Amino acid sequence: MTDPGEVRASDAEREAVVELLREASVEGRLTLAELTDRTEAAYTATTHAQLALLTQDLPATSAVAPPARRPEGRKRRWFVGIMGDTKRRGTWRIDQELGAVAVMGDVVLDLREAEVRTDMVEILAVSVMGDVKIIVPDGVNVDLDGMAIMGDKRIDVQEAPRGMNVPVVRVHAYAVMGDVKVIGDSRAKPIKRGWSAWREHWRQLHGDGDDRSLNRGH
């Protein structure tokens, strides 16, 4: 008789787990990096046991309501570097649009350990003879638009394959003799993953060689 945990997972079951992960992120239970990695693992899972492992430390059901839209008139959260540096790293909360302005200075926004309480991260990035660097987990989808005059705006992120319901980071960039860059894990200083406990559990269940879907080459 087949072990219930070894029953093959369906596309619908994978999508259900991805939605549960998204809701957990909005509730503040997962960082952007954790959400991205677990989402990728959900899409590559083949059995019920592998899917269950991704949500074993989360509530079975979620009572969270859909995230509210940003109230009219609410100010954007700004990070400004004028002839100096401004950096935001580590654990922090994103529940509104962000703004980054670098004027002959540098602004670094590291989103990997952020708790994202919205469906999408939106950032207005302005660089005038300076640099704005936005660090995201590899595997998110990045939408970059705007303009560059004697400057540069670019993405260097390993994005998810088409069709995956992964987190989205939308950047509106305006660079004048400066740079706006969105880079992924592979181009940034590694961070210590907060999900090492369930990742180790995966190894114990499936062997060291079977967790490739949880690794991104870091």
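This report concerns the structure included in the present document. Just so we're clear, the structure is a prediction, and the values are computed from it rather than from any experiment.

With that settled, the discussion passes to the packing of helix H1 (residues 11-26) against helix H3 (residues 48-55). As a packed pair, H1 and H3 sit with axes 10 Å apart at the nearest point and diverge in direction by 5°. It follows that H1 is roughly parallel to H3 by the angle criterion. In contact with Glu13, Arg14, Val17, Leu20 and Leu21 of H1, H3 contributes His48, Leu51, Leu54 and Thr55. For the contact of H1 with H3, the per-class residue count stands at 5 nonpolar, 2 polar and 2 charged.

Relative to the assigned elements, arginine 170 resides in strand S11 (residues 168-176). Residues arginine 170 and valine 121 lie 49 residues apart in sequence; the distance between their C-alpha atoms is 6.1 Å. Side chain to side chain, arginine 170 and aspartate 143 meet in a polar contact 3.0 Å long.

Further remarks concern helix H2 (residues 32-44). With 13 residues, H2 ought to run about 18 Å at 1.5 Å a step, and its terminal C-alpha atoms sit 19 Å apart, in line with that. By the criterion of burial, H2 is predominantly enclosed, with 11 of the 13 residues buried. Considered for burial, the residues of H2 that qualify are Leu32, Ala33, Glu34, Leu35, Thr36, Asp37, Arg38, Thr39, Ala41, Ala42 and Tyr43.

Spatial strand order, S2-S5-S8-S12-S10: 5 strands in an open sheet with parallel pairing. The open sheet is flanked by strand S2 (85-88) and strand S10 (152-156), the only strands paired with a single partner. Here the average twist between neighbouring strands, direction ignored, is 5°. Alignment of S10 against strand S12 (residues 179-183), held across 5 bridges, turns out to be parallel. The partner of isoleucine 155 across the bridge, within S12, is valine 182.

A few words on the packing of aromatic side chains. For the structure on display, the rule yields 1 aromatic pair. Ring geometry for phenylalanine 79 versus tryptophan 92: centroids 5.6 Å apart, planes at 80°, classification edge-to-face. Residue phenylalanine 79 is located in strand S1 (residues 77-82), and its partner tryptophan 92 is located in the loop between S2 and strand S3 (93-94); the two are separated by 13 residues in the primary sequence. Residue phenylalanine 79 shares its accessibility class with tryptophan 92, and that shared class is buried.

Reading guide: rules and limits
Residues numbered from 1 in each chain as written. Predicted model: local features only at pLDDT ≥ 70, side-chain atom pairs only at ≥ 80, totals over all residues. Heavy atoms only, no water. Axes fitted to C-alpha atoms, helices over the stretch in contact; angles between N-to-C directions. Helix = DSSP H or I, 4+ residues; strand = E, 2+ residues; numbered from the N terminus. Parallel < 35°, antiparallel > 145°, perpendicular 65-115°, else oblique. Contact = heavy atoms within 4.5 Å. Nonpolar A, V, L, I, M, F, W, Y, C, P; charged D, E, K, R; others polar. Polar contact = N/O pair within 3.5 Å; in protein donor to acceptor, adjacent residues only side chain to side chain. Expected span 1.5 Å × (residues − 1). Buried < 20%, exposed > 50% of the residue type's maximum accessible area, 1.4 Å probe, protein only. Pairing = 2+ DSSP bridges. Phe/Tyr/Trp six-rings, centres within 6.5 Å; stacked < 30°, edge-to-face > 60°.

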